[in-house]
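Per-entry structural report
Now for the letters of each chain:
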Amino acid sequence: MVNTGRFVILVLAYRFLVPILSAAEPDHAARESYVVYMGSPSSGGVSDPEAVRAGHLEMLSSVVASGEQGRAAPALTQSYHHAFEGFAAALTSSEAAALAGHERVVSVFKDRALQLHTTRSWDFLEVQSGLRSGRLGRRARASGDVIVGVIDTGVWPESPSFDDAGMPAVPPRWRGVCMEGPDFNKTSCNKKLIGARYYGVQPDSSSPAASSAGSPRDTVGHGTHTASTAGGAVVSGAGYYGLAGGDARGGAPGSRVAVYRACSMGGCASSAVLKAVDDAVGDGVDVVSISIGMGSAFQSDFLADPIALGALHAHARGVLVVCSGGNDGPGPYTVVNSAPWILTVAASSIDRSFQSDVVLGNGDVVKGVAINLSNQSLSGGKYPLVFGAQAAARYAPVAEASNCYPGSLDAEKVRGKIVVCVGTDPMVSRRVKKLVAEGSGARGLVLVDDAEKDVPFVAGGFAFSQVGIDAGAQILEYINATKNPTAVILPTEDVRDFKPAPVVASFSARGPGMAESVLKPDLMAPGVSILAATIPSADTEDVPPGKKPSAYAIKSGTSMACPHVAGAAAFVKSAHPGWTPSMIRSALMTTATTTNNLGKPVASSNGAAANGHDMGAGEVSPLRALSPGLVFDTTAHDYLRFLCYYGYKEQVVRKVAGGDAAGFSCPAGAPSPDLAAAAVNYPSISVPRLQRGGKPATVTRTAINVGATNATYAAAVEAPPGVKVSVKPDRLVFNKRWTTARYEVSFEVADGAAGVSKGYAHGAVTWSDGAHSVRTPFAVNVV
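Residues numbered from 1 in each chain as written. Predicted model: local features only at pLDDT ≥ 70, side-chain atom pairs only at ≥ 80, totals over all residues. Heavy atoms only, no water.

An unreviewed UniProt entry lists the chain under the name Subtilisin-like protease, with Urochloa decumbens as the source organism. Under the Sequence similarities (unreviewed entry) heading, UniProt states for the chain: "Belongs to the peptidase S8 family." (UniProt positions renumbered as here; feature names shortened; annotations may be inferred.)

Section: the UniProt feature "active site" (unreviewed entry) in the chain
Under the local residue numbering, the UniProt record ascribes the feature "active site" (unreviewed entry) to Asp152, His222 and Ser559. Maximum C-alpha separation among the annotated residues is 9.9 Å over a sequence range of 408 residues, consistent with a single clustered spot. Among the secondary structure elements, Asp152 is positioned in strand β6 (residues 147-152). Residue classification places Asp152 among the buried positions, given a relative accessible area of 1%. If near-sequence neighbours (up to four positions away) are discounted, Asp152 is found in contact with Leu116, His222, Gly223, Thr226, Tyr260, Arg261, Ala262, Cys263, Ser291 and Ile292. A distance of 2.7 Å separates a polar atom in the side chain of Asp152 from a polar atom in the side chain of His222. (Helix = DSSP H or I, 4+ residues; strand = E, 2+ residues; numbered from the N terminus. Buried < 20%, exposed > 50% of the residue type's maximum accessible area, 1.4 Å probe, protein only. Contact = heavy atoms within 4.5 Å. Polar contact = N/O pair within 3.5 Å; in protein donor to acceptor, adjacent residues only side chain to side chain.)

Considering the state of the cysteines
With the rule as written, the count across this model stands at four disulfides. The disulfide bridge from Cys178 ends at Cys189, spanning 2.0 Å between sulfur atoms. Linking Cys178 and Cys189, the disulfide has an S-S dihedral of approximately 85 degrees and is accordingly described as right-handed. Highlighted residues: Cys178 in the loop between β6 and β7 (193-198) and Cys189 in the loop between β6 and β7, separated in sequence by 11 residues. Both residues of the pair, Cys178 and Cys189, count as buried. (Disulfide = S-S within 2.5 Å.)

Considerations on the sheet that holds strand β11 (residues 263-264)
Here we have four strands laid out as an open sheet, ordered β11-β12-β5-β14, and antiparallel in their pairing. Taken across any chain shown, the strands that pair with only one partner, and hence form the sheet edges, are β11 and β14 (292-293). Relative to β14, strand β5 (residues 113-116) is paired through two bridges, and the arrangement is antiparallel. Within β14, the residue paired with Leu116 across the bridge is Ile292. (Pairing = 2+ DSSP bridges.)

Brief notes about helix α13 (residues 558-575)
Two residues of an α-helix separated by three or four positions point the same way, owing to the 3.6 residues in each turn. Relative to the 26 Å expected for 18 residues at 1.5 Å per residue, α13 spans 26 Å between its end C-alpha atoms, a close match to the ideal helical length. Burial runs high along α13: 16 of the 18 residues are buried. (Expected span 1.5 Å × (residues − 1).)

Shown next, in the form of structure tokens:
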């Protein structure tokens, strides 16, 4: 187990010491990359990028320390001028500090490295909606005017998922480009893949296409996978070596895709990601999908977060930004990309399981999960079975050998056998255990571990199966009771209609987010074992013997969940082109489903009922989102008020907003995290502090009728034990479409509930007119 207390101390020490050490650096210190953020242009837009760039160069030259004759001016690496203004440059700490004090600058921060965080999934979402029909496919195919921008590792344009057969001409409003490279031509783009940019990222040296430096071409596979999930064309007969077969498609297969290669295998420069968002807005995309983020332990404030900054300005210009919530779950306070203007996505399973059973020599069959393509069972025989602890190398601790720790196994005791290892050491990943066993000459590996068992490990051609603790005890008991234990690991079977589903993935990051006054994550979408397009891999670890590289791959992560929601957003946008980004987000959230395919509440990975901090509003339901009944529109001033309540000074907020700040001033009494919950007209509610015996916490929301001309909605409350929830008024009457109604939701600890538990309690307010159910979840922290 990780020593949490020590880890926190180290993090705090790092945050405290780095600024001190940096301040002590001499002016001649080596330069590092920094981002200089200047907020919105005061004119509301920039018409001459070259003039802006010249101004940035002039600003840079002014901060070179006097007396340094002959010293080169700081190098400008990026210039932002579409959605917002700023630049990235190589600076010393003193130069960065000088720029931070400039009257036009909002913030200066180091250019951090951000990390990269389908056949069945879309069918599953359609089934879960309860509205199964051909409607989804017909409407999605008609979404040709919607453009989805994907910021990731690039694209493999030859994939069938980016075939433009039958697509109409590219919308004339598209202003983007198809950048060329040594292995990427203008003809690589078409009427489906309409744009491609790159930002000087270097491919990993182990990549099969190292020539693609300076190219939008994907050498990792991550970007191709996410782009095809969001907006890939329909491809019949897709699959992964006989598994997950069916029609692969994106959420809006008729939409256009534009890719922005800002990442490589090693991660993503935040300056490049910020530039990609700026370019995407300038190019004319409607939805941006970003499966990238920083680690949850190192989150900073919103004005030093490149994704949050880019998303804020994109949203103000009518572009919805969808981001992955991160893979640091299942602990609380791990969700990232949690700014209120970002649509933050958690990951769930679907109704498909990849089962790889273990047959013991006594005939017992032990259920296991994995994606292995071995032919071990075809020989008709069984292999000797050994526990790792019984095959420890000389001087290796037994605990390390039982965990398949590198260097811990005696190859003579393992060669030709199936080795059984446990997962009691979280520092040794499943992939490492597999490589250790394989490198020692083992014919297969059975891993006994409940952790991550919900996410099948892709083992390629090596025989691998993961079993739970109880099943593992059965296997170990058999080994101890048998003189010559044997077993065989069966190749993976694709099990459909698996129940229960969906389940919140164990890795999916949980809330609360950085600002507890906003409930995060927002939504949940399929992110476990998702089949989508990839690059032709030259990695023999992933390709079974005698097989060619697959054009499709099975991957898991919130990275896979994010483009599902981006595709769903494009689908809704195609039906409602005039809706704002927050209206589309609202439609997706208030129509999300909270029951599984057994008709019971969606569960978290630990088996308990999932709450808002696990899954947000629930599992995305694209069909339901087409007709939400009511929507909650969030204005630019809502977000500015949120920044005030969060603690930013009015002059900083106005500088961030630029021309959007006309007539704006921070509310009296700001900052106040408790009041921030009411500042944003959000389709969910989070009350960060509800005191026993204190005043009720009251939150106001305004709904817009986008349903029937004459409609009356009645409120129903799911209140947690010990918390009294009241809605005023409890009926909303609309006489025509596009009219609004305002209501209040009040929370207080109920009388006689003095013993109510401290901490977060969850519930929901649902408005219904008989045809629509508009569910807004809430979280209340009792202190």
